[in-house]
Amino acid sequence: MAKTKLHKYERVKQLSNVTFSEFGESHPPVSYPWYNERYEGMEKILELGCGKGEHSLAFAAANPHKFCVGIDGKSHRLCDGAEKAIDKGLGNIHFLRGRIERITEFFVEHSISQVWLTFPDPHPKTRSIKSRLTAAPFLDDYASLLISGGMVCLKTDSDLLYNYTRESVEQWGGHVIETSDNIYESCDHPLYAREVVSAFQKKAQAKGASIKFIAFRLN
Ligand SMILES: C[S@@+](CC[C@H](N)C(=O)[O-])C[C@H]1O[C@@H](n2cnc3c(N)ncnc32)[C@H](O)[C@@H]1O
């Protein structure tokens, strides 16, 4: 394994703004740092599969009265975002090393205002459709976590995931509220967060992919 990756696995364990969830361990959601009374009353934004957390970092910096949680299964990726948050003195952001399939164990029902899915794996094979982060079981989870009027936002370079998500949300009974098949060519919308470019997005754009966006409500 590359030395820098190994160093990150060690460094991330020392960071106060990263929580590790271990499989089989069970804690009540209110015991997680984002429900600390210091953050009471703050709107909460989740980024699932956040990687290095570029979107969470940008949202936390632009919205000091909102609390952002970036979740990823790979702790060496979270290390970059968590260290940046500390360098920038951002106190309204936290990272969780954990599986997205378990989010309802980490958050209280109807306590989240936005769920962001930033360049998730499109899982193109038919046999792995159920792993797409906009498949019905995931939508059920997001619906249980979102406050009334809350929304889910997806950014993707994948036409397949973009089209699938529109259909999946409609079949589930949700409402698509904003779409773009190329956020840099459509008329701008504040939700697109065009100015935030994640590591994965940069690679996709270098290959000529257009960046697509969907926002939807589930209640
Ligand atoms: C394609 S990358 C995108 C990373 C980042 N959002 C970006 O735009 O650069 C997908 C990320 O989702 C994470 N991921 C995929 N499935 C996951 C799961 N089931 N639970 C937690 N993280 C997951 C991966 O570890 C990876 O960092």
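Residues numbered from 1 in each chain as written. Predicted model: local features only at pLDDT ≥ 70, side-chain atom pairs only at ≥ 80, totals over all residues.

## Remarks on the overall build of the protein chain
Argument step 1. Looking only at helices and strands, the protein chain features seven helices and eight strands.
Argument step 2. Its C-alpha atoms give the protein chain a radius of gyration of 17 Å, near enough to 17 Å, the size a compact globule of 219 residues would have.
Argument step 3. Its C-alpha atoms give the protein chain principal-axis dimensions of roughly 40 × 40 × 35 Å.
Argument step 4. Across the protein chain, every contact between residues at least 6 apart in sequence was considered, and the portion connecting residues at least 24 apart equals 77%. (Helix = DSSP H or I, 4+ residues; strand = E, 2+ residues; numbered from the N terminus. Rg over C-alpha atoms; globule rule 2.2 N^0.38 Å. Contact = placed C-beta atoms within 7 Å.)

## Digging into the nonpolar core
Argument step 1. The biggest cluster of nonpolar side chains holds 45 residues, and the ones touching the most others in it are Leu46, Leu48, Val115, Tyr142 and Val152.
Argument step 2. Of the residues forming this core, the biggest block, five residues, is contributed by strand 6 (residues 146-156).
Argument step 3. Non-local contacts of tyrosine 142, meaning those with residues more than four positions away in its chain, are made with Val115, Val152 and Leu218. (Core = buried A, V, L, I, M, F, W, Y, C linked by C-beta atoms within 7 Å. Buried ≥ 20, exposed ≤ 12 C-beta atoms within 10 Å, placed from the backbone.)

## Comments concerning the site of the ligand
Argument step 1. Taken together, 18 residues surround the ligand, and among them Gly49, Gly51, Gly73, Ser198 and Phe200 come closest.
Argument step 2. The biggest single contributor to the shell around the ligand is helix 7 (residues 199-206), with three residues.
Argument step 3. Considered class by class, the residues forming the shell around the ligand number six nonpolar, six polar and six charged. (Near = placed C-beta within 6 Å. Nonpolar A, V, L, I, M, F, W, Y, C, P; charged D, E, K, R; others polar.)

## Here we look at unusual backbone geometry
Among all residues save glycine, negative phi is the norm, and among peptide bonds the norm is trans.
Argument step 1. Its identity is not glycine, yet histidine 110 carries a phi of approximately 50°, on the positive side.
Argument step 2. Note on placement: histidine 110 falls in the loop between helix 4 (103-106) and strand 5 (112-118).
Argument step 3. Given 13 C-beta atoms within 10 Å, histidine 110 falls into the partly exposed group.
Argument step 4. You will see that histidine 123, though not glycine, has its phi angle at about 45°, which is positive.
Argument step 5. The class of histidine 123 is partly exposed, set by 18 C-beta atoms lying within 10 Å.

## What about helix 3 (residues 75-87)?
Argument step 1. Between its first and last C-alpha atoms helix 3 spans 18 Å; for 13 residues at 1.5 Å apiece the expected length is 18 Å, and the two agree.
Argument step 2. What helix 3 keeps buried is the set Ser75, His76, Arg77, Leu78, Cys79, Gly81, Ala82 and Ala85.
Argument step 3. Of the surrounding elements, those touching the buried residues of helix 3 are helix 1 (3-12), strand 1 (18-20), helix 2 (54-62), strand 3 (66-72) and strand 4 (93-97).
Argument step 4. The first or second residue beyond helix 3 is glycine 89, which carries a positive phi of 70°. (Expected span 1.5 Å × (residues − 1).)

## Brief notes about the sheet that holds strand 3
Argument step 1. Ordered in space as 1-4-3-2-5-6-8-7, the eight strands form an open sheet in which the pairing is mixed. Where the open sheet ends on each side, the last strands, each with one partner, are strand 1 and strand 7 (175-180). Taken pair by pair, the neighbouring strands of this sheet meet at an average axis angle of 20°, ignoring direction.
Argument step 2. Across six bridges, strand 5 lies against strand 6 in parallel orientation. Bridging across to strand 6, leucine 117 finds its partner in leucine 154.
Argument step 3. Contacting strand 1, strand 3 and strand 4, helix 3 runs over the sheet at an angle of about 170° to strand 4. (Pairing = 2+ DSSP bridges. Axes fitted to C-alpha atoms, helices over the stretch in contact; angles between N-to-C directions.)

## Some remarks on the pairing of strand 3
Argument step 1. With six of its seven residues buried, strand 3 lies for the most part within the structure.
Argument step 2. As paired strands, strand 2 (residues 43-48) and strand 3 are joined by six bridges and run parallel to one another. What sits directly across from glutamate 47, in strand 3, is glycine 70.
Argument step 3. Note on the crossover from strand 2 through helix 2 to strand 3: the handedness is right-handed.
Argument step 4. Bridge count for strand 3 against strand 4 is five bridges, and the pairing is parallel. Pairing of isoleucine 71 across the sheet is with leucine 96, part of strand 4.
Argument step 5. Crossover strand 3 to strand 4 through helix 3 is right-handed. (Right-handed = clockwise from strand over helix to strand, strands pointing away.)

## Topic: the packing of helix 1 against helix 3
Argument step 1. Between helix 1 and helix 3, whose axes approach to 8 Å, the crossing angle comes to 65°. On the basis of their axis angle, the class for helix 1 and helix 3 is roughly perpendicular. Between helix 1 and helix 3 lies a crossing of left-handed hand. Residue-level contacts link Lys5, Lys8, Tyr9, Arg11 and Val12 of helix 1 to Ser75, His76, Leu78, Cys79 and Ala82 of helix 3.
Argument step 2. Its residues assigned to classes, the contact of helix 1 with helix 3 comprises five nonpolar, two polar and three charged. (Parallel < 35°, antiparallel > 145°, perpendicular 65-115°, else oblique. Left-handed = near helix turned anticlockwise from the far one by under 90°.)

Note that all results are geometric; they support no functional claim without further evidence.
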